[in-house]
Amino acid sequence: MEDLSKLENVTILDHPLIQHKISRLRDKSTGTAEFRKLVNEIAMLMGYEALRDLETENVEIETPIEKTMAPVLAGKKQAVVPILRAGLGMTDGILSLLPAAKVGHIGLYRDEETHKPHAYYCKLPEPISLRTIIVTDPMLATGGSAIDAINFIKEKGGKKIKFMCIIAAPEGLKALCEAHPDIQIYVGHVDRQLNENAYICPGLGDAGDRIFGTK
Ligand code: PRP
Ligand code: URA
């Protein structure tokens, strides 16, 4: 398979702090409370890089010494859009960087037999077309859930879309790049492959179950 990290719209965030925390996530002895904390910390570290192209504008500010022009974030508030359930685990990490961002939700679950996503909810902040949209999901496996979620966002008018995942399978990353070449994709680590149940290997298991303590 081609080297997907060379694609212009894919950024692999290989910072040692992110990689260390991903290794803690993978460990099956990591319990729910630590897992949840790590997912948010990783999202925040990834967000710091993924948001470096946010636009700013200069405004006048009076320091205790004098007036000056200083940059602040410009334009409509951003939209953070977690893919339910597991994407919710990354939301607070991004909101700690962008406390005024709006939050949308897209509900999708994978059918256990077919591995195809089924949609059950979609609510996005308006006007979505004017916002930078940060879609979060810790796992990109076949890519079906991310592709459908981004289709929904585009149908509602979303344009400037960033997708952030902690672990991707090469198969899913390729599929997402092909389906949506116009979005920016940020990945913590690209793993080896999918298994016969479309789980990522070595992966971290079921992210939703590990975040919410189900199963
Ligand atoms: C997981 C994960 C992604 C999806 C990835 O969610 O959080 O949304 O699977 O798989 P794909 O790339 O093959 O579509 P799941 O469907 O298990 O739902 P959950 O978050 O509610 O547990
Ligand atoms: N969803 C998960 O949570 N983990 C995987 O490995 C694949 C899909």
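Residues numbered from 1 in each chain as written. Chains lettered and ligands numbered in written order. Predicted model: local features only at pLDDT ≥ 70, side-chain atom pairs only at ≥ 80, totals over all residues. Heavy atoms only, no water.

(A) Here's a closer look at the packing of helix α2 (residues 32-50) against helix α3 (residues 88-95). Contact pair α2 / α3: the axes reach a minimum separation of 7 Å and the direction vectors enclose 50°. Taken as axis vectors, α2 and α3 run oblique relative to one another. Along this stretch, α2 crosses α3, giving a crossing that reads as right-handed. On α3, the residues touching V39, N40, A43, M44 and G47 of α2 are G89, M90, T91, D92, G93 and I94. Looking at side-chain class alone, the contact of α2 with α3 contains five nonpolar, five polar and one charged residues. (Axes fitted to C-alpha atoms, helices over the stretch in contact; angles between N-to-C directions. Helix = DSSP H or I, 4+ residues; strand = E, 2+ residues; numbered from the N terminus. Parallel < 35°, antiparallel > 145°, perpendicular 65-115°, else oblique. Left-handed = near helix turned anticlockwise from the far one by under 90°. Contact = heavy atoms within 4.5 Å. Nonpolar A, V, L, I, M, F, W, Y, C, P; charged D, E, K, R; others polar.)

(B) The arrangement of the site of ligand 2 in detail. Every residue near ligand 2 is listed here: R110, M139, A141, A198, Y199, I200, G205, D206 and A207. Contact distances for ligand 2 include 2.8 Å between an oxygen atom and a backbone N or O atom of I200. In the environment of ligand 2, a nitrogen atom lies 2.8 Å from a nitrogen or oxygen atom belonging to the backbone of G205. In the complex, the protein chains occlude 89% of the 240 Å² of accessible area that ligand 2 would expose alone. Each residue belonging to the shell around ligand 2 can be placed in one class, and the counts come to six nonpolar, one polar and two charged. (Near = heavy atom within 4 Å. Polar contact = N/O pair within 3.5 Å; in protein donor to acceptor, adjacent residues only side chain to side chain. Areas by Shrake-Rupley, 256 points an atom, 1.4 Å probe, with all protein chains shown as cover.)

(C) Layout of helix α4 (residues 144-155). Helix length check: α4 (twelve residues) gives 16 Å between terminal C-alpha atoms against 16 Å at 1.5 Å per residue, within 8%. Among all positions of α4, only G144, S145, A146, I147, A149, I150 and I153 are buried. (Expected span 1.5 Å × (residues − 1). Buried < 20%, exposed > 50% of the residue type's maximum accessible area, 1.4 Å probe, protein only.)

(D) Layout of a nonpolar patch on the surface. Among the surface-exposed residues, M44, Y48 and L97 lie close enough to one another that they form a single nonpolar patch of about 300 Å² accessible area. Note that M44 resides in helix α2. Using a relative accessible area of 33% as the deciding quantity, one classes M44 as partly exposed. (Patch = residues over 30% accessible without salt bridge, like charges linked within 9 Å, V, L, I, M, F, W, Y side chains within 5 Å. Salt bridge = Lys/Arg side-chain N within 4 Å of Asp/Glu carboxyl O.)

(E) Fine view of the pairing of strand β10 (residues 160-168). Most of β10 is tucked away: eight of the nine residues are buried. Relative to β10, strand β9 (residues 139-140) runs parallel, the two being bridged by two bridges. Each bridged residue has a counterpart across the sheet, and for L140 the counterpart in β10 is A168. Each parallel crossover has a hand, and for β9 linked through α4 to β10 it is right-handed. Bridge analysis of β10 against strand β11 (residues 184-190) gives six bridges, and the strand direction is parallel. Along β11, the bridge assignment pairs K162 with Q184. The handedness of the β10 to β11 crossover, carried by helix α5 (residues 170-179), is right-handed. (Pairing = 2+ DSSP bridges. Right-handed = clockwise from strand over helix to strand, strands pointing away.)

(F) Spotlight on the packing of aromatic side chains. Scanning the model with the defined rule gives one aromatic pair in all. Taken together, a centroid distance of 6.2 Å and an interplanar angle of 35° make the contact between Y109 and Y120 tilted. Within this pair, whereas Y109 is found in strand β6 (residues 105-110), its partner Y120 is found in strand β7 (residues 117-123), the two being separated by eleven residues in sequence. The class of Y109 is partly exposed, set by a relative accessible area of 47%. (Phe/Tyr/Trp six-rings, centres within 6.5 Å; stacked < 30°, edge-to-face > 60°.)

(G) Layout of the environment of I22. Of note, I22 is situated in helix α1 (residues 16-26). For the pair I22 and I42, spaced 20 residues apart in the sequence, the C-alpha separation amounts to 7.7 Å.

(H) Just the pattern of salt bridges, in detail. Counted by the stated rule, this structure contains twelve salt bridges. Taking the shortest distance from any N to any O, the salt bridge between R26 and D191 comes out at 2.7 Å. Here D191 lies in the loop between β11 and β12 (193-194) and R26 lies in helix α1, a separation of 165 residues in the sequence. For K174, the salt bridge identified is with E178, shortest N-O distance 3.0 Å. Taken as a pair, K174 and E178 lie in helix α5 at a separation of four residues, close to a single helical turn. Where salt bridges share partners, they join K21, K37 and E41 into one cluster.

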